[in-house]
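Given next are the chains, with one letter for each unit.
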Amino acid sequence: MSEPTTTPPLSAEHVRTELRRFLEERTKTDWAADTDLFATGGVSSLFAMELVVHVEKTFGIAVEGPDLRIDNFRTVNAMTDLVLRLAEAGSGE
Amino acid sequence: MTEEDPTPRLAVLGAGVMGVSITTLALEHGVPVVLVETDPAKRADAPARIERELRTAQLMGVRSGKPRAELVTGASVADCADADVVIEAITEDADLKIAALTEVSHTVDEDTALVTNTSSIPVDELAAKLPRPEALLGVHFMNPSYLIRTVEVIRGSRTSSRAADSVGRLLTALGRRGVFVGDGPGFVTSRVLHRMINDAARVVQEGRASAEDVDTLMQDCLGHRTGPLRTADLIGIDNLVDSLRVLHERTGDEGCRPCELLLRKVAAGEHGRKSGKGFYTYTGVLS
Ligand SMILES: NC(=O)c1ccc[n+]([C@@H]2O[C@H](COP(=O)([O-])OP(=O)(O)OC[C@H]3O[C@@H](n4cnc5c(N)ncnc54)[C@H](O)[C@@H]3O)[C@@H](O)[C@H]2O)c1
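Everything in this summary refers to the structure shown in the same document. (Residues numbered from 1 in each chain as written. Chains lettered and ligands numbered in written order. Predicted model: local features only at pLDDT ≥ 70, side-chain atom pairs only at ≥ 80, totals over all residues. Heavy atoms only, no water.)

## Some details on the side chain of His140(B)
Residues and elements named next belong to chain B. Looking at where histidine 140 falls in the secondary structure, it is placed in strand β6 (residues 136-140). Reaching out from histidine 140, the side chain makes a polar contact with the side chain of threonine 189 at a distance of 3.2 Å. Discounting residues that sit within four places of it in the chain, histidine 140 has contacts with Asn117, Thr118, Ser119, Val151, Glu152, Ile154, Phe187, Thr189 and Ser190. (Helix = DSSP H or I, 4+ residues; strand = E, 2+ residues; numbered from the N terminus. Polar contact = N/O pair within 3.5 Å; in protein donor to acceptor, adjacent residues only side chain to side chain. Contact = heavy atoms within 4.5 Å.)

In structure tokens, the structure reads:
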């Protein structure tokens, strides 16, 4: 991404809070950061792509190739790791 | 398809929910597709919608690993002239389907199998009005076609073995398993599911439960995978109502008469996922 270098780096706390806010709004459930969203009784797998698009738009990243797999979206923590990794890789250019 | 290259050549009519879903399944299984859509706006954004479905297939880990095949979009039935199999996935309306399949019959050669993806119209009813009734069979792919490995297959009373074999080869190439069932309104799946969704909507209409609560009970207590009303949104409420009308007209079953709430949603343009709102709202689906 071509963000100006003055943008402060994303913090894990910020990403986690934003993801939990979005999930709560969309699923009416307060998800713990390490709960499997897709386990029985959880979020429908059809919601997964919505989640990917949201993460891409909100954090200005593109999830592609081998990163585009459900395990990276299974928990708030997994998504946070992915976002931080991709954001850092993008800003390093 | 030739002896050297056994990959079937597929044409799909209609780039709506199902045309796009079936095309995605085919492309990621290495089967090239000619996709014919009459609505210019739908035709223009079909490649982007397919791209998104391909990403979903990858996200869900169901990509076949084969190199992706080529997509060609077209505006007229003449574009399917070279296909081995033509799947119609156009609006659920018998007259429209008969008109489109008749045009296809005049365009393709006589070995080409014709498939209807109708939810509810009996195969024999369509076949009776076609120039080559023996070429037609029903294959009921569901949405998303690339996630659901089983399809309902309906052989009409006049379907030829040649057409059935050709479709069998296509299903093998697509990695789908067919379950053969008898012909009749709604076959098995729509006859059971669409009536049940109508009942679920009626419960909401009567104010006895919210859509969320209906789905939660059906999912958590009865093991329904997505819940009937979320399923309605996924199908498309306009298409669901068309299908219920077909069922009601042909069976006389009052349980299949589309309920008021469904009719109101169609009139309000709340068609489900594809329009961004139905029983639920969807973000990021249309972009
Ligand atoms: N939606 C589902 O979940 C589902 C599942 C199984 C089967 N079906 C069946 O599949 C068929 C398609 O349903 P859908 O939900 O995709 O509908 P849809 O309304 O989303 O799409 C139908 C498309 O067909 C196009 N069309 C109409 N006439 C045409 C013609 N002559 N040539 C080319 N394109 C034409 C329309 O412009 C539209 O884009 C219906 O028969 C439906 O009952 C739907």
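## Side note on the packing of helix α1 (residues 17-28) of chain B against helix α2 (residues 40-59) of chain B
The packing of two helices is summarised by the inter-axis angle and the distance between the axes. Residue and element names in this part refer to chain B. Running from amino to carboxyl end, α1 crosses α2 at an angle of 60°, the nearest separation of the two axes being 9 Å. Considering their axes alone, α1 and α2 lie oblique with respect to each other. Crossing of α1 against α2: the hand is right-handed. Contacts between α1 and α2 involve Val20, Thr23, Thr24, Leu27 and Glu28 on the former and, on the latter, Arg49, Ile50, Glu53 and Leu54. Taken together, the residues that form the contact of α1 with α2 break down as four nonpolar, two polar and three charged. (Axes fitted to C-alpha atoms, helices over the stretch in contact; angles between N-to-C directions. Parallel < 35°, antiparallel > 145°, perpendicular 65-115°, else oblique. Left-handed = near helix turned anticlockwise from the far one by under 90°. Nonpolar A, V, L, I, M, F, W, Y, C, P; charged D, E, K, R; others polar.)

## Considering the site of the ligand
All names here are of chain B. In the vicinity of the ligand there are 24 residues, among which Glu37, Glu92, Lys97, Ser119 and Ile235 approach most closely. Within the contact set of the ligand, an oxygen atom lies 2.6 Å away from a side-chain nitrogen or oxygen of serine 119. Measuring from a nitrogen atom of the ligand, one finds a backbone N or O atom of isoleucine 235 at 2.7 Å. Mapped onto the shell around the ligand, the elements with two or more residues apiece are α1 and α3 (94-107). Counting residues domain by domain, the shell around the ligand receives three or more from each of domain 1 (10-181) and domain 2 (189-275). (Near = heavy atom within 4 Å. Domains from an automatic or database assignment.)

## Structural notes on the packing of helix α1 (residues 12-27) of chain A against helix α2 (residues 48-59) of chain A
All names here are of chain A. Packing of α1 against α2 brings their axes to within 12 Å, and their N-to-C directions diverge by 140°. Taken as axis vectors, α1 and α2 run oblique relative to one another. Along this stretch, α1 crosses α2, giving a crossing that reads as right-handed. Counting all contacts with α1, which are made through His14, Val15, Glu18, Leu19, Arg21, Phe22, Leu23 and Arg26, the residues of α2 involved are Glu50, Leu51, His54, Val55, Thr58 and Phe59. Along the lines of polarity and charge, the residues of the contact of α1 with α2 split into seven nonpolar, three polar and four charged.

## Describing the packing of aromatic side chains
Residues and elements named next belong to chain A. This model, assessed by the stated rule, comprises one aromatic pair over all chains. Centre to centre, the rings of phenylalanine 22 and phenylalanine 47 are 6.2 Å apart; their planes meet at 15°, and the pair counts as stacked. With phenylalanine 22 in helix α1 and phenylalanine 47 in the loop between α1 and α2, the pair connects residues that are 25 residues apart, well separated along the chain. You can call phenylalanine 47 buried: its relative accessible area is 9%. (Phe/Tyr/Trp six-rings, centres within 6.5 Å; stacked < 30°, edge-to-face > 60°. Buried < 20%, exposed > 50% of the residue type's maximum accessible area, 1.4 Å probe, protein only.)

## Looking at the sheet that holds strand β2 (residues 33-36) of chain B
Residues and elements named next belong to chain B. The sheet built from eight strands is open, its strands ordered β3-β2-β1-β4-β5-β6-β7-β8 with mixed pairing. The open sheet terminates on both sides in strands that have one partner only, identified here as β3 (71-74) and β8 (177-181). Averaged over all neighbouring strand pairs, the angle between strand axes comes to 25°, with direction disregarded. Judged from the three bridges that link them, strand β5 (residues 113-116) and β6 form a sheet pairing that is parallel. When the bridges of β6 are listed, leucine 114 appears paired with leucine 136. Packed onto the sheet, α1 meets β1 (10-13), β2, β3 and β4 (85-88) and runs at close to 170° relative to β2. (Pairing = 2+ DSSP bridges.)

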